[in-house]
Amino acid sequence: MKNIPINSLFKRLTLVLFISLMLAPSSFAEDGYRMWLRYDKVNDNELRQSYKDQLQHLVLETSSETMSATKSELKMGLGGLLDRPIEVCSGINSDGALVAGTPSNSQIISSLELEDALKEVGPEGFLIRRMDHSGNKLTVIAANEDIGVLYGAFHLLRELQTEQSIESIDVKSAPRVRHRTVNHWDNLDRLVERGYAGLSLWEWGTLPDYKHPRYTDYARFNASLGINGTAINNVNANPEILTDQFLEKVAVLADIFRPYGIQVYLSVFFDSPVVLGGLDTADPLDPEVQEFWNEITDKVYSYIPDFGGYLVKADSEGQPGPHGYGRDHADGANVLARALEPHGGLVIWRAFVYDPEQEDRFREAYDEFLPLDGRFMDNVTVQVKNGPIDFQPREPFSPLFGALPNTNTILELQITQEYFGFNFHLAYKGTYYEEVLRDDTRVKGEGTTVGRIIAGEVFDYEHTGMAGVINPGTDRNWTGHPFVQSSWYAYGRMAWDYTLGAEELAEEWIRMTFSNDEKVIEPMKEIMMESKEAGVNYRSPLGLTHLYAQGHHYGPAPWTADLPRADWTAVYYHQATEWGIGYDRTETGSNAVEQFHPEVAAVFGDLNKIPDDYLLWFHHVPWDHPMNSGRILWDELVHKYYKGVETVRWMQETWDSLEGLIDQERFEHVKALLSIQERDAVRWRNSCVLYFQSFSGMPIPEEYEQPEHDLQHYIELENIIHVPDPWYN
Ligand code: GCW
């Protein structure tokens, strides 16, 4: 080796090191694992300094499990955001203390005379304030219970993550509904029904011994939104979940979630008394069946003392239920409710039912549940899916909201993208949730929104709540498509406060998950806000619905006709003929419109009043029906389908403008997914337009790009390519 002077060798090595650092992938590759709790350093130096001055040390006087979780979150969050470790002290040293606690666990908090304000926030709410204390300026997070302190800590961290001034912060926050749950459709073999993000999070094989760190992170993400319950297994339930083998494992998950205020619920199989108990019936009125449920429930509580309760899908899509024994849903729910009652547990009974005998699937849930109002025990709540058919990209609100004054009723929403392009398409559902929550049922006059009903502001519900069907799995970013995280986020925040808007939540999420740079926020927010409607337009505009290929629910198949059940076909939903299209749910048809309050029915039922978005949900109209735009129905339909594709192309261009402004990993991931989405949107559009054209016989106006292939090509495509990833076929 040549004799190189040490100085020059050092320079060369430094250069090599510098170049390799520039070229090497960052050791902090942004893979999305941290979701919205990234806690990266606040970029704005001045703001960071002001946070540092105001939050110099942390005072936390106790160490319950929840307070320890609070402490570790604040240490991690503030350490990252302020780029320096935060000192934890037992008392106030100087200006700039952050004091967190309850009047009973903190002497400082109890000396601050916050009792009156705390009375207003209940067991889970919190206050955040800047206050003076013996000449020192403090930031205070105060609550009645430890869990409120944890929620307050997440709130304060969010203020910093979104770069808000906390100089004169004054927050009073309490959840508007009691049960803010997420539902997993995870099977015990770890496949996730409608999952699209890998295998189930729950490693049954290594539980109860190995506590995967992911379980704690999962709890943190949920708690940061105020989620307080999780049903961890599929509603198409495997009875085995109630065996000791599984309960021992579930108990470990419950232990991990408990400090984060999250109760575990289990989905149960209605015929468990037969399958597990060896009885020859699961008749809910049989005393032996009652005894079975009492005993097994006592056992569940011996493993999990704060167990939340049972979630049940019964007499629905092949699941057994009380109807099999000549009983009704109330009988079925009450046998479980009686078993849970001594333990304070809840039955969450789903209203997702439909019957092949029923002429119009739309009507079924309402027709079955309405006569049962008032017959469910107090510790039962009926979980109503939105909308009345399923989780379609657009549905009118379910008429059950407002129709059950004497039955606790909660709203079920879908976060996983079963009908929105799986993990391949970008579809922020915050706008969808906002629509539903603000829909006006009119049952007690104007402003009787779905949100107010499920919050118990209209009827005296004891168990209020919302449930979100989430899909996280073993994918590093939890949700498959990075933007599914945003729907989870919006859902959780709206479950806490149904009055929050989709747009402000989109912005919060972007700031926390991607960047506080306005150059990122505005375009990304626009993409998110347009994305749901784009999905509606290229799949099923103007109130069309359920045009999916059967089974997987991904690609288009409006031609699906021959299936064992009519209500599984697409032709059942669109009813296209040479004369026209749409499902007549007015008096001349199934009259499902009568299930709504008369003021709502008067709008949905009237061709002149119904908004375009719902037209074909309720009316069968001719192809030349005049629309609000001045176009005839056929032209409007074509226009919407093309608009859907155009919006996706606009989303692609807008996304491209973000290159260099966000991390390259997620930039490229989403860019690739958007190109899949564009390809699929074109396929949807062409399939539907060509298929409906075979009835209308009308042309696709010349100004539009004409479909590349004929209808037959798209029909055959259904048999070749179901979904981009054969895993989901
Ligand atoms: O939309 C349908 C889904 C099923 C699901 C069902 C339900 C869990 O296609 O996969 O089953 O809804 O909500 O029970």
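The structure displayed is predicted, hence computed values, not measured ones.

**Q** In this structure, what is going on with the overall build of the protein chain? I would like to understand it.
**A** From N to C terminus, the protein chain includes 23 helices and 16 strands. Looking at the protein chain as a whole, 62% of its 729 residues qualify as buried. Counting contacts in the protein chain only where the partners sit at least 6 residues apart, residues at least 24 apart contribute 73% of the total. For the protein chain, the accessible surface area stands at approximately 27,500 Å², while carbon and sulfur atoms represent 49% of it. In the protein chain, 61 side chains carry a positive charge and 111 a negative one; their mean positions are 7 Å apart.

**Q** Quick question: what am I supposed to make of the pairing of strand β14 (residues 465-470) here?
**A** Within a regular strand, the side chains alternate between the two sheet faces. Extensive coverage of β14 is indicated by the burial of six of its six residues. Here β14 shows two buried faces, one formed by G465, A467 and V469 and the other by M466, G468 and I470. Bridge count between strand β7 (residues 179-184) and β14: six bridges; the pairing is parallel. For T181, the partnering residue across the bridge sits in β14 and is A467.

**Q** Would you take a moment to explain the layout of surface pockets for this structure?
**A** Taking a probe equal in size to a water molecule and rolling it over the atoms shows the remaining empty space. Here the largest pocket is characterised by a volume of approximately 490 Å³. Along the walls of the largest pocket sit 20 residues, with R38, D40, K41, N43 and F514 positioned nearest its centre. Where the lining of the largest pocket is concerned, the elements lending two or more residues are α6 (146-161) and α16 (502-513). Considering only residue class, the lining of the largest pocket consists of seven nonpolar, four polar and nine charged. Considered as a void within the structure, the second largest pocket measures approximately 370 Å³ in volume. Along the wall of the second largest pocket there are 20 residues; nearest its centre are E124, N228, G261, Q263 and Y265.

**Q** Mind showing me how you'd approach unusual backbone geometry here?
**A** Negative phi values dominate among residues other than glycine, just as trans dominates among peptide bonds. Residue P208 is reached from L207 by a cis peptide bond, and omega for that bond is 0 degrees. The topology assignment puts P208 in the loop between β7 and α7 (213-225). Note that the residue after N386, namely G387, is joined by a cis bond; omega there is 0 degrees. The backbone of E317 sits at a positive phi, close to 45 degrees, despite the residue not being glycine. Take E317: it is sitting in the loop between β10 (309-312) and α11 (329-340). Judged by relative accessible area, E317 falls into the partly exposed class, the value being 38%.

**Q** Which parts of the structure should I look at to understand helix α8 (residues 244-257)?
**A** It helps to recall that an α-helix has 3.6 residues per turn; residues three or four apart then point in one direction. In a regular helix each residue adds 1.5 Å, so 14 residues correspond to 20 Å; α8 covers 20 Å between its end C-alpha atoms and thus fits that length. Among the 14 residues in α8, 10 count as buried, and that is most of the element. Residues of α8 that are buried sit in contact with α7, β8 (229-231), β9 (263-267) and α10 (287-303).

**Q** Would you mind going over the sheet that holds strand β11 (residues 346-350) with me for this structure?
**A** For sheets, the rule is that strands pair by backbone hydrogen bonds, running either parallel or antiparallel. Ordered in space as β7-β8-β9-β10-β11-β12-β13-β14, the eight strands form a closed barrel in which the pairing is parallel. Between one strand axis and the next, the sheet turns by 25 degrees as a mean value, whatever way the strands run. Sheet topology note: the strand β12 (residues 380-385)/strand β13 (residues 409-414) ladder contains four bridges and is parallel. In the strand pairing of β13, V382 is matched with T409.

**Q** Where do I start with the site of the ligand in this structure?
**A** Close contacts around the ligand come from 15 residues, with E193, K313, R350, D390 and E418 the closest. In this structure, an oxygen atom belonging to the ligand sits 2.8 Å away from a side-chain N or O atom of R194. Here an oxygen atom of the ligand sits 2.7 Å away from a polar atom, N or O, in the side chain of R350. Expressed as a share of its isolated accessible area of 330 Å², the protein-covered part of the ligand is 98%.

**Q** What should I look at first to understand empty space enclosed by the protein in this one?
**A** Applying the stated criterion to the full structure yields one cavity of 30 Å³ or more. In this structure, the largest cavity occupies an estimated 110 Å³ of space. Every residue lining the largest cavity is counted, 17 residues in all, and those nearest its centre are A351, A365, G387, P388 and S398. Taken together, the elements giving at least two residues each to the lining of the largest cavity come down to α12 (364-369) and β12.

**Q** Hey, could you run me through the pairing of β13 in this one?
**A** Of all six residues in β13, six are buried, a share of seventy percent or more. Going residue by residue along β13, you find T409, L411 and L413 tucked away on one face and I410, E412 and Q414 tucked away on the opposite face as well. The pairing of β13 with β14 spans four bridges and is classified as parallel. In the sheet register, E412 faces β14, and the bridge partner there is A467.

**Q** Honestly, the environment of W568 in this entry has me stumped. Any pointers?
**A** In this fold, W568 is placed in the loop between α17 (518-539) and α18 (571-574). Residue class for W568 comes out partly exposed when judged on its relative accessible area of 31%. When the C-alpha positions of W568 and Y548 are compared, they lie 9.6 Å apart, and in sequence the two are 20 residues distant. Among the polar contacts listed, one links the side chain of W568 to the side chain of Y354, at a separation of 3.4 Å.

**Q** Quick question: what am I supposed to make of the sheet that holds strand β6 (residues 170-173) here?
**A** In space, the six strands of this open sheet follow the order β2-β1-β3-β5-β4-β6, with mixed pairing throughout. At either end of the open sheet lies a strand with only one pairing partner, and these are β2 (87-89) and β6. Direction aside, neighbouring strands of the sheet carry axes that sit 25 degrees apart on average. Bridge count for strand β1 (residues 57-59) against β2 is three bridges, and the pairing is parallel. In the sheet register, L58 faces β2, and the bridge partner there is V88.

**Q** Quick question: what am I supposed to make of a negative patch on the surface here?
**A** There is a patch of like negative charges on the surface, built from D280, E288, E291, E295 and D298. In this fold, E288 is placed in helix α10.

**Q** Honestly, the packing of aromatic side chains in this entry has me stumped. Any pointers?
**A** Scanning all chains against the criterion turns up 50 aromatic pairs. Measuring from centroid to centroid gives 6.4 Å for W185 and F391, while their planes differ by 35 degrees, and the two rings are tilted. Placement of W185 in the loop between β7 and α7 and of F391 in the loop between β12 and β13 is noted, with a sequence separation of 206 residues between them. Connected via pairs of aromatic rings, a cluster forms that spans Y33, W36, W202, Y215, Y218, F221, F257, W478, W488 and Y489. It is R220 that lies over the ring of F221; its NZ or CZ is 5.8 Å from the centre. We note K385 situated over the ring of F352; from NZ or CZ to the ring centre the distance is 3.3 Å.

**Q** What exactly am I supposed to notice about the pattern of salt bridges here?
**A** Two side chains that carry opposite charge are able to pair once their charged atoms sit near each other. According to the stated counting rule, one finds 53 salt bridges in the structure shown. The salt bridge involving E435 is made with K532; its shortest N-O contact spans 2.6 Å. One end of the pair, E435, is in helix α13 (residues 430-438); the other, K532, is in helix α17, and 97 residues separate them in sequence. On the basis of relative accessible area, K532 is assigned to the buried category, the value being 3%. Of the charged contacts in the structure, one is a salt bridge between R565 and D567, with a shortest N-O distance of 3.0 Å. Take R565 and D567: they sit in the same class, and that class is buried. The network of salt bridges with common partners includes E503, E507, R511, E518, E522 and K525.

Cut-offs applied
Residues numbered from 1 in each chain as written. Predicted model: local features only at pLDDT ≥ 70, side-chain atom pairs only at ≥ 80, totals over all residues. Heavy atoms only, no water. Helix = DSSP H or I, 4+ residues; strand = E, 2+ residues; numbered from the N terminus. Buried < 20%, exposed > 50% of the residue type's maximum accessible area, 1.4 Å probe, protein only. Contact = heavy atoms within 4.5 Å. Areas by Shrake-Rupley, 256 points an atom, 1.4 Å probe, with all protein chains shown as cover. Lys, Arg positive; Asp, Glu negative; His and termini not counted. Charge placed at Lys NZ, Arg CZ, Asp CG, Glu CD. Pairing = 2+ DSSP bridges. 1 Å grid on protein atoms, 1.4 Å probe; cavity = no way out; pocket = protein on both sides within 12 Å on 5 of 7 lines; lining within 4 Å. Points joined across faces, edges and corners; volume = space filled by probe spheres on them. Nonpolar A, V, L, I, M, F, W, Y, C, P; charged D, E, K, R; others polar. Expected span 1.5 Å × (residues − 1). Axes fitted to C-alpha atoms, helices over the stretch in contact; angles between N-to-C directions. Near = heavy atom within 4 Å. Polar contact = N/O pair within 3.5 Å; in protein donor to acceptor, adjacent residues only side chain to side chain. Patch = residues over 30% accessible without salt bridge, like charges linked within 9 Å, V, L, I, M, F, W, Y side chains within 5 Å. Salt bridge = Lys/Arg side-chain N within 4 Å of Asp/Glu carboxyl O. Phe/Tyr/Trp six-rings, centres within 6.5 Å; stacked < 30°, edge-to-face > 60°. Lys NZ or Arg CZ within 6 Å of the ring centre and 35° of its normal.

Just distances and angles here, no functional claims.
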